[in-house]
Every structure is written in C-alpha cells, then in structure tokens.
There are 2 protein chains.
Amino acid sequence: MDILIDAFGGDHAPEEVIAGSIEALSERDDFNAVFVGKQDVIENLLKNYKYDQNRVRVIDAPDVITCEEEPTVAVRRKPNSSICVAFKELKENPNAGAFVSAGSTGAVLVGATLKLGRIKGINRPATSPILPTLIDGKNVILLDSGANADCKSINLVQFAIMGSCYAEAMGVENPKVALLSNGAEDEKGNMLNHESFPLLKQLKGVNFVGNVEARDILTGEYDVVVCDGFSGNIALKGIEGAISMLLKLLKQNIYSSVSGKIGGLFLKDTFKKLKLKLDYNNHGGALFLGVNKAVIKTHGSSKRTAIKNTVLQAAHYATFDISDRISAKLQLNEPEGNA
Amino acid sequence: MDILIDAFGGDHAPEEVIAGSIEALSERDDFNAVFVGKQDVIENLLKNYKYDQNRVRVIDAPDVITCEEEPTVAVRRKPNSSICVAFKELKENPNAGAFVSAGSTGAVLVGATLKLGRIKGINRPATSPILPTLIDGKNVILLDSGANADCKSINLVQFAIMGSCYAEAMGVENPKVALLSNGAEDEKGNMLNHESFPLLKQLKGVNFVGNVEARDILTGEYDVVVCDGFSGNIALKGIEGAISMLLKLLKQNIYSSVSGKIGGLFLKDTFKKLKLKLDYNNHGGALFLGVNKAVIKTHGSSKRTAIKNTVLQAAHYATFDISDRISAKLQLNEPEGNA
C-alpha cells in the first residue's frame, strides 16, 4: 500500500518530513512511502539515507501551497502543488491508501473535499484528532475540531456517526458518544445543541450518552465527543494552552530554587513520561473523517518524530474500513429505512 | 458598606459560608457581613465564632433555591429565598455594595437581571471570571463564560466594553481586548465572529487587538477575551479540565516510584505555589458584569477559603465605579454620538 506524503508541507519541510518518513519505513513493512513535491530536491535529500529503494517513490509537484494563501483559491490555482497532485494520485491509484501532510490545514481540507471527494451521504467532513485521557491507553476523539466553524444539527449527527465508526475501527466496543455542551444536564446547550440533542438520541448504531462539559473531555469516560468546529477548536486549543502553561510554570518554579532543581532531577522520568503522553508529537495527526480515503493532517511545526508517527498512523488507518462502516451506519439511519 | 452573603448557597452551606465570611471580616475592616438565609440556623452557627457584632447582620429568608430548580421559575416562585431576598436588599439598601453566592448560577443570574436590574444600554450581562496567566501578577478576564449560550454581535460588542471597563477599574491601563476565535488571523471565525470583528474594531475607548486562539488566552498578552457564553464556557472548563488532568497525572506518577516520591518531597513548595496560582479557591468568584451592583458567583463546591476570598473580592469590587465607567463608554459609542 502507498502512503502519499506531502514533502513540502510544514515549517520543517522538506528535510524533517523526509527524515521522519524514512524512519517510519523501518518500523512497519506493509507500506511504501511516496513523496510528493519538487522531485530534484527530494531526490537530493534522499541520498542522505539508507532505505529499501523498492519502498520509496517520488511524484513530482513543482508548486507549493503556503499557509498564507486562501485555501479554496490556492487549490484551484495550483493544480501542480504537492497537495493537489497528492490528492489526484490518492483518488486515481487504487493502491494509494492515505495522504499525510503538515501543510496548510485549509488547503488539505479543501483539496480532500474537492479532489478526493466526500463519502456519499456526508455533507461535511470533520477534523478528528485523538486526545490522551486520564486513563492509560484510553483515548478520546474530538470532532469537529476546526474544519467547520458553523454547523447545523445534521452535521453534528453525521459527526456522531463518523466518530462512532472511527472508534469502532480502532477496536472500541460500543463507543460512548457525547455532545460537548456548557453543562452536563440534558437541558444545557446553545440553540444548535438543543436541536441536535434529540436527533443524536434517536440515532441507531450510535451509543449517545448525553452532554459532556469541556472539563470532562479528558476523563476517559467518553470515546467520542461531538461539537461544531468552532467549539471543538476552542476546546482543543484551550486544553493545549493550559497544559503548555502548566508545564512552563512547573519548569520556571523548578529552576528557581535549589530544592526545586533537586526535585526536578528525581522527577526527570516522571516528566518524560508525562511529556510522552501529552506531547502531540507522539500522537501523530488528526484524521479528516468523511472523505473517501484516509487523510491525516499533522501540526505545521512537526519535526521528524511527529512525521514518523503520523506516517505510521496513516499506514494503520489505511487498513481500516471506516468509509464502509460510515456508509452502513448512515444507511441504518436513513429516514426511509433502507436497512 | 454592606456585603450581602447567600448563607444558603453552595454545597457546603451554611457552615463553610459563615466560617469563610467571618474570616474575611478580620482581613478587611471597611465592610459588614450581612448573611441572608434561615435566621435561626445562621444565628446558631454564629455562636461558634468571635467577631465584632456591629459588623454582622442577619436577614431572614426561609426559602432556598436549589441547583436542580429551573432558575426563572424558581426566582418567580420563591420570593422568600435567600437569593431573592438578597437582591431586594441589594437594590433597596443604598449602603449595600455587593452580593456573594455559591448557589445556583442560573438563579443568581436571573435574580440579578430581574430583581436588581441591568445597566442602562446593556442587553445581556455576562459572567466574567478572572484567570491567572503565565505572567506573574497578570490576569485575564474571560467574558461571557456561560450566562448567554447564544449571542449576537451587539452582545459581544457590549462584552468588550464591559470587560474593558472592568480591567480599567482594576488598574490596567488601556487594556488589550481580544476576540476568542479558531485562529489568530483576522479572517478566522464563525459567522458571529465575522459580524462582530469589524464592530469591535470600530469601538471607541476599547483597545481591540484582534483574534486570539484558545491556546493563547493564558499567555498574559491579553487583558480581556470576549466570546459568546457557550464558547467561553468551553474555553474555561477545557482549561480547568486540562490543568486538573495534568496535576492528577503528575501525582499518580510521583507516587508510583521511589525517586518520584523523593522528587515530590523536594518539589513540595513548587507544587504548593502552583496550586495557589491555579486553584480557583484563591481567585474568588466571577463577577456578573452588566447589572447595577457587584454580583459575584463563586463555585458551588467552595469551602471557607474560597468564600473568604470571594467576600474580600466583593468588598473590593464594591468600591469600583464599573457601572459609571460602562455607561460612559456606551455613550461614547452611541451611533448618534451624545459624547
């Protein structure tokens, strides 16, 4: 199976993208790395690495879409950009299973929707990152976390279906799906939530457990948290910001006294473990759920470790049958009841 | 000046409310504590404390509004509840400067709006907690953080004016006001933000600095962050949840190894300092901005320290001229220009 990699996406592209992808090759042998971008530059960089030549391919794409460009315009005007060329390949090559990019989020989303296409019946695909929780080994999927700033209840319903299928594909049985709200009680919510709540409750094949407050997203009690992309973005980044503040404060305080420094030494392993658990670099990227193949967007600031993990994640996700699952669950919930 | 205290609001009322309020009396001598609630119970509890009898008064209110009751219905049906009696006193007694409650948030908000009344020109008051930031001694006001789940642009504009006045009253010069969004760039946002952004930009007397992502709320770069109450609630609780998770994980990890335990001992002071900075108990409650006097809501789970700090905060806020400031800034921005 081919994993397409946007060699020119991200702050540290192409060097770190190529380095991380080559590292990934040695950890899993069921995929090939297909770099998309300026062929000569990529081939020159590849000379620095040892790898199985049968597992690496380069597709030339002379243009690059930057984060400053308006995504829709850029995707239309730059058919030879790494993102557009990759989506063309992903669509046309039956052996291509996934696309990984650390580039412009907007352009990846627009490209995926326009060039690759949505799953039949899905109105709006959703960015679906996986967050670690308090319970070891248990994660929570938060969708939409940014692709759709304004949503209707039909979108939230579809996010619940897609999130549920995603969790199932990862081996979670009867995943618990909650609606992000401003209180845990059924009556809480804004107008969108009030409209969506009864629809979510009626869904077949979705274990909807009610509202969840943002403070409980990370408890490990829920497998999927559903919300509009604006709220999801705020929840995700609020959590990131708080963790980053707390770790910075800890560091400041530890280095400000002798006993702090000593304590810090003894806790080195603890901090390492925590960082490993909380650092996005170890969680790879966010799946863009609702399009026809696996599209994974990772942080623009990703370095080789993040890229490696995202490529490995992509190789894993590409084996999932998420699209089929989603289609089946959509059908189960069709008003006329084809099921 | 009288500070009215809801003796029957909160999970630990009336014992902890009374204990905390009596403690507050000894730290500041410019206010009287006026307990509102079941008189006999309060008077019985007061017997356990030594205090200046001239500074404590009790107003009888035989009813209690619980958190389970629908706020609007409860406020209408229970005129003899501690919350309703307190608002009546706050409105009618010119010497009453503030009201503190750890009771039903909804009932406090409804009571404040209906019984006490809004500042002229303000459509929707807003819950306005103060959060600590990365910069020592610098805080950020987040409003609305939950009173108004659905907002229009006029509300966000008024939140910016009110938040600005609040920060100024606390001594911040030319406070930086930002709009919470799903990206820092001017173009980011949902429909509400797109409508509000240009209006915020035009405001006179408000130093609007553009969009802020949730991850940057706590950097200390901003004095006021404006948003609808749904998003604000998610930001606030997302931050709370992340901090709580991280502290729990730290604790778990520290206690799971010998070196962890030793390190933990050396870092005891550091953790204490951090807890002091991040614990809501030390930050008192959230001001309900936009009503005619100072109304402060603190966590339902508040114990004596949180109550003490909230009462002290109330005595402080009651000396502010926030209402006058807000009226002046509203006038400055009136379309016809009365100014």
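Here the structure is a predicted model, which is why all the values come from computation and not from measurement.

Engineer: Just checking my understanding: could you explain the sheet that holds strand S4 (residues 96-101) of chain A for this structure?
Structural biologist: The pairing of strands in a sheet comes from backbone hydrogen bonds and takes either a parallel or an antiparallel form. Residues and elements named next belong to chain A. Across the sheet, which stays open at both edges, the seven strands sit in the order S3-S2-S1-S4-S12-S11-S5 with mixed pairing between neighbours. Whereas interior strands pair on both sides, the edge strands pair on one side only; in this sheet they are strand S3 (56-60) and strand S5 (126-128). In this sheet, adjacent strand axes meet at a mean angle of 25° when their direction is disregarded. Packed onto the sheet, helix H2 (residues 39-46) meets strand S2 (32-37) and S3 and runs at close to 155° relative to S3. With respect to the sheet, helix H5 (residues 105-116) is in contact with S4, S5, strand S11 (286-289) and strand S12 (294-297), its orientation differing from that of S12 by roughly 170°.

Engineer: I would appreciate a short explanation of unusual backbone geometry in the present structure.
Structural biologist: For residues other than glycine, phi is negative in most cases, and the peptide bonds are mostly trans. Each neighbour pair has its own omega, and for B:Ala13 with B:Pro14 the value is -5°, a cis peptide bond. In this structure, B:Pro14 sits in the loop between strand S1 (2-6) and helix H1 (15-25). Cis geometry marks the peptide bond from B:Leu143 to B:Asp144, where omega comes out at 0°. Of note, B:Asp144 is situated in the loop between strand S7 (139-143) and helix H6 (153-169). Despite not being glycine, A:Asn174 shows a phi value in the positive range, around 45°. Tracing the chain through its elements places A:Asn174 in the loop between helix H6 (153-169) and strand S8 (176-181).

Engineer: What am I meant to see in the sheet that holds strand S9 (residues 207-213) of chain A here?
Structural biologist: Residues and elements named next belong to chain A. Read from one edge to the other, the open sheet built from five strands follows the order S6-S7-S10-S8-S9, with strand pairing classed as mixed. Of all strands in the sheet, those with a lone pairing partner are strand S6 (130-132) and S9, marking the two edges. Pairwise comparison of adjacent strand axes, ignoring direction, gives a mean angle of 30° for this sheet. Strands S8 and S9 of the sheet are contacted by helix H7 (residues 191-202), whose axis makes an angle of about 150° with S9.

Engineer: I'm lost on the pairing of S7(B) in this one. Help?
Structural biologist: Consecutive side chains of a regular strand alternate in pointing toward one face of the sheet and then the other. Residue and element names in this part refer to chain B. Burial within S7 is extensive, with four of its five residues counted as buried. Note that strand S6 (residues 130-132) and S7 share three bridges and pair antiparallel. In the sheet register, Leu131 faces S7, and the bridge partner there is Val140. Relative to strand S10 (residues 224-226), S7 runs parallel, the two sharing three bridges. Residue Ile141 lies in a different strand from S10, and its bridge partner there is Val224.

Engineer: Just to check I follow, could you spell out the relation of the copies chain A and chain B for this structure?
Structural biologist: The relation between the two copies of this chain is a rotation about an axis and a shift parallel to it. When chain A is fitted onto chain B, the two copies agree to an RMSD of 0.0 Å after a turn of 180° and an axial shift of 0.0 Å. Seen this way, the second copy is the image of the first under a two-fold rotation axis. Across chain A, the rotation axis passes nearest the C-alpha of A:Gly263, at a separation of 2.0 Å. Comparing interface residues between copies, 100% of those in chain A also sit at the interface in chain B, which points to an isologous, same-surface contact.

Engineer: Is there a simple way to explain the pattern of salt bridges in this structure?
Structural biologist: Side chains that differ in sign of charge can pair as their charged atoms come close. Using the criterion set out here, one finds 30 salt bridges over all chains in the structure. Linking A:Lys329 and A:Glu168 is a salt bridge whose minimum nitrogen-to-oxygen distance equals 3.0 Å. Of the two residues, A:Lys329 is situated in helix H12 (residues 322-332) and A:Glu168 in helix H6; the sequence distance between them amounts to 161 residues. For A:Lys329, a relative accessible area of 10% corresponds to the buried category. Close ionic contact of B:Glu27 with B:Lys308 constitutes a salt bridge, the shortest N to O distance being 3.2 Å. With B:Glu27 in the loop between H1 and strand S2 (32-37) and B:Lys308 in helix H11 (residues 304-317), this residue pair connects regions lying 281 residues apart in the sequence.

Parameters at a glance
- Residues numbered from 1 in each chain as written.
- Chains lettered and ligands numbered in written order.
- Predicted model: local features only at pLDDT ≥ 70, side-chain atom pairs only at ≥ 80, totals over all residues.
- Heavy atoms only, no water.
- Pairing = 2+ DSSP bridges.
- Helix = DSSP H or I, 4+ residues; strand = E, 2+ residues; numbered from the N terminus.
- Axes fitted to C-alpha atoms, helices over the stretch in contact; angles between N-to-C directions.
- Contact = heavy atoms within 4.5 Å.
- Buried < 20%, exposed > 50% of the residue type's maximum accessible area, 1.4 Å probe, protein only.
- Least-squares fit on C-alpha atoms with pLDDT ≥ 70 in both.
- Salt bridge = Lys/Arg side-chain N within 4 Å of Asp/Glu carboxyl O.

Geometric descriptors of this kind do not, in isolation, establish any biological role.
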